[in-house]
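What follows is each chain in one-letter form.
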Amino acid sequence: MDLVEVLPNRLHMLRFPIGQAYLWQDGEALTLVDAGNVESAAEIEGAIRSLGLLPERLERIVLTHCHRDHVGAAGELAARWGARVLAHRLDAPVIRGERPVPEPVLLDWEIPLYAHGLTVPEAPPTRVDRELEDGDPLDFGDGAYVVHAPGHTDGSIGIHLPEHGVLFTGDCIAAVGPLMLGVFNVDRGRAVESFRRLAGLAPSVACFGHGDPLTVDTAAALAAAAAETPA
C-alpha cells in the first residue's frame, strides 16, 4: 500500500494494488472514505499511525458503493475502533450480504479488466450503521454532504466537501490514463448523467476510486471529460 498526501494535514490517499481509499482529518478526528479490500485493515491502521494519528479516533467509514475493493476492510476496522459505517440505502443490503452484488453490463474491452478485478478477495457481510440519501449532511469536513451518483451501482455516491473544494467520486469517474467515466457500470446512461452531475460541482480537488487525485485545473478537466462522454 502507498500513502500519498493530497492536502497537507487534511487528506491522504491510501493506494492498494487495486483501488484506493482516502483518509480525511478534522484535527485528530478521522474519516475514511472507502476501506480497501478485506486484507487491508492492518495496512490502513499502520498508515494512520505513521501520520502520528490514533486509529481509535476513526469516527466513520463512508462507502461510496458496494464493491469488494471498497468495502472489504470496513467491518474489521469498525469493530476494532468503533467507527460507524455509512452507505447509500440502495447499496446497503448488498454490503450487509442480504442481496448479491449487481452484475455490470460490460463493454467488450472491459471484460478482461473485470476478470482481473475479481482477483480481489470478496468482501464479507458488513454492517451499515447509517443508510444515506442524496443531500444528506455528513459531520466532517466542515459540512460534507452526499451526492447520489447511480449508474456504477444503484447506490453509488459522491461525497462533496464544498468548504474545501474536495469531491470524492467513488467509481463514477476514473483517472487511470485519461479522465473518463468509470468502468463496470450496471447502467451506463445513468452513470453518464452522474458523471455530469458530479462535474457540475466544479471541485478544486477530485478524488477517484481508481487513479491519482486531480488537483490542478480540476473543474475544467472534469467539465471537458463529462461533455465528451457519450451516453
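Residues numbered from 1 in each chain as written. Predicted model: local features only at pLDDT ≥ 70, side-chain atom pairs only at ≥ 80, totals over all residues. Heavy atoms only, no water.

A. Structural context of the overall build of the protein. Summing up its helical and strand segments, the protein has seven helices and 14 strands in all. A compact globule built from 231 residues should have a C-alpha radius of gyration of about 17 Å, and the protein, at 16 Å, falls within 12% of that. Overall, the C-alpha framework of the protein stretches about 45 × 40 × 30 Å when taken along its three principal axes. Here the protein holds 231 residues, and the buried ones make up 51% of them. Within the protein, contacts between residues separated by at least 24 positions form 63% of all contacts whose residues are at least 6 apart in sequence. Within the protein, the 33 negative side-chain charges are centred at a point lying 4 Å from the centre of the 17 positive side-chain charges. (Helix = DSSP H or I, 4+ residues; strand = E, 2+ residues; numbered from the N terminus. Rg over C-alpha atoms; globule rule 2.2 N^0.38 Å. Buried < 20%, exposed > 50% of the residue type's maximum accessible area, 1.4 Å probe, protein only. Contact = heavy atoms within 4.5 Å. Lys, Arg positive; Asp, Glu negative; His and termini not counted. Charge placed at Lys NZ, Arg CZ, Asp CG, Glu CD.)

B. Inspection of the sheet that holds strand E4 (residues 29-33) at higher detail. Strand order in this open sheet of seven strands is E1-E2-E3-E4-E5-E6-E7, and the pairing throughout is mixed. The sheet is open, and its two borders are formed by strand E1 (2-7) and strand E7 (130-132), each paired with just one other strand. Looking at each pair of strands side by side, their axes are set apart by 25° on average, direction ignored. With five bridges joining them, strand E3 (residues 20-26) and E4 adopt antiparallel strand pairing. Bridge pairing in E4 places Tyr-22 opposite Val-33. Across the sheet, helix H3 (residues 74-81) is in contact with E4, strand E5 (58-62) and strand E6 (84-88); its angle to E5 comes to roughly 160°. (Pairing = 2+ DSSP bridges. Axes fitted to C-alpha atoms, helices over the stretch in contact; angles between N-to-C directions.)

C. Just the nonpolar core, in detail. Counting residues in hydrophobic clusters, the biggest one holds 28 residues, and the most contacted among them are Leu-32, Ile-44, Ile-61, Leu-63 and Leu-77. Mapped onto this core, the elements with two or more residues apiece are E3, E4, helix H1 (41-50), E5, H3, E6 and helix H4 (92-95). The greatest single-element share of this core, amounting to four residues, is contributed by H1. Contacts of Leu-32, omitting those with residues within four sequence positions, involve Ala-21, Tyr-22, Leu-23, Ile-44, Leu-58, Arg-60, Ile-61, Val-62 and Leu-77. Counting 20 residues, the second largest nonpolar core, distinct from the first, contains Tyr-22, Leu-86, Ala-144 and Phe-168. (Core = buried A, V, L, I, M, F, W, Y, C linked by side-chain atoms within 4.5 Å.)

D. Representation of the packing of helix H6 (residues 188-199) against helix H7 (residues 218-227). Two elements in contact, H6 and H7, have axes whose closest approach is 9 Å; the angle formed by their N-to-C orientations is 155°. In terms of orientation, H6 and H7 fall into the roughly antiparallel class. The interaxial crossing formed by H6 with H7 has left-handed handedness. Within the contact between the two elements, H6 uses Phe-195, Arg-196 and Ala-199 and H7 uses Leu-222, Ala-223, Ala-225 and Ala-226. In terms of residue class, the contact of H6 with H7 is made up of six nonpolar, no polar and one charged. (Parallel < 35°, antiparallel > 145°, perpendicular 65-115°, else oblique. Left-handed = near helix turned anticlockwise from the far one by under 90°. Nonpolar A, V, L, I, M, F, W, Y, C, P; charged D, E, K, R; others polar.)

E. Representation of the side chain of Asp-136 within the structure. With respect to the secondary-structure elements, Asp-136 resides in the loop between E7 and strand E8 (137-138). For Asp-136, the residues in contact, after removing those within four places along its chain, are Arg-130, Glu-131, Ala-144, Tyr-145 and Val-146.

F. Geometry of the environment of Pro-55. With respect to the element layout, Pro-55 can be found in the loop between H1 and E5. As a C-alpha pair, Pro-55 and Ala-83 span 28 residues in sequence and 9.5 Å in three-dimensional space. Leaving out residues up to four positions away in the same chain, Pro-55 has contacts with Glu-45, Ile-48, Arg-49 and Trp-81.

G. Up close: the sheet that holds E8. Pairing is mixed across the open sheet formed by five strands, whose spatial order is E8-E9-E10-E11-E14. Because the sheet does not close on itself, it has two edges, and the strands there are E8 and strand E14 (205-208). Inspection of the sheet shows strand E10 (residues 157-161) paired to strand E11 (residues 166-170) by three bridges, in the antiparallel sense. The residue of E11 that forms the bridge with Ile-159 is Phe-168.

H. Representation of the side chain of His-65 within the structure. Position of His-65 relative to the elements: it lies in the loop between E5 and helix H2 (68-71). Side chain to side chain, His-65 and Thr-64 meet in a polar contact 3.0 Å long. For His-65, the side chain forms a polar contact with the side chain of His-152, separated by 3.5 Å. Contact partners of His-65, with chain neighbours within four places excluded, come to Asp-34, His-70, Val-71, Asp-91, Ile-95, His-152, Thr-153, Ser-156 and Asp-171. (Polar contact = N/O pair within 3.5 Å; in protein donor to acceptor, adjacent residues only side chain to side chain.)

I. Structural detail: the packing of aromatic side chains. Using the criterion set out here, one finds two aromatic pairs in the structure. Note on Tyr-114 and Phe-184: the rings are 5.2 Å apart at their centroids and 70° apart in plane angle, and the pair reads as edge-to-face. Of this pair, Tyr-114 sits in helix H5 (residues 111-117) while Phe-184 sits in the loop between strand E13 (180-181) and H6, and the two are 70 residues apart along the sequence. Its relative accessible area of 16% is what places Phe-184 among the buried residues. (Phe/Tyr/Trp six-rings, centres within 6.5 Å; stacked < 30°, edge-to-face > 60°.)

Read these as geometric descriptors, not functional statements.
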